[in-house]
Amino acid sequence: PTRSLIVSCGCPCCTPRRTSSGLDPASTPGAGAVFDLLVSGGKLYAPDFDGDAVRRYTLTTPVVQESVISANGGPDGITATGDGMIWVTLLNTSQ
């Protein structure tokens, strides 16, 4: 089966209503403003700017949220190093 991940700015004109897995991103519980994504170690990481958290998801269908990591300060960027360490930028703390 074809799997797709659709990311948009969130405005009504470009927010998709359905993905190939049948998810409706506009009504996914717990989803907040995400400006960057990271796939590392077989997981999807999404820094939730409004929720002050980093959400970790499976890459299976359907996508399942596995955990929420507190990241107070407006997480807006995310990257991984070669050894698997994950770094998040916090806009509201200049870190």
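Residues numbered from 1 in each chain as written. Predicted model: local features only at pLDDT ≥ 70, side-chain atom pairs only at ≥ 80, totals over all residues. Heavy atoms only, no water.

(A) A look at the side chain of threonine 58. Residue position: threonine 58 is located in the loop between strand 3 (53-57) and strand 4 (65-70). A distance of 3.0 Å separates polar atoms of two side chains, one belonging to threonine 58 and the other to threonine 60. Among all residues touching threonine 58, those that are not within four sequence positions of it are Val63, Val64 and Glu66. (Helix = DSSP H or I, 4+ residues; strand = E, 2+ residues; numbered from the N terminus. Polar contact = N/O pair within 3.5 Å; in protein donor to acceptor, adjacent residues only side chain to side chain. Contact = heavy atoms within 4.5 Å.)

(B) Region of the structure containing unusual backbone geometry. Cis geometry marks the peptide bond from threonine 61 to proline 62; its omega dihedral reads 0°. Structurally, proline 62 is set in the loop between strand 3 and strand 4. Residues other than glycine seldom take positive phi values, yet aspartate 52 does so here, at roughly 50°. Assignment of secondary structure puts aspartate 52 in the loop between strand 2 (43-48) and strand 3. Classification of aspartate 52 as partly exposed rests on a relative accessible area of 28%. (Buried < 20%, exposed > 50% of the residue type's maximum accessible area, 1.4 Å probe, protein only.)

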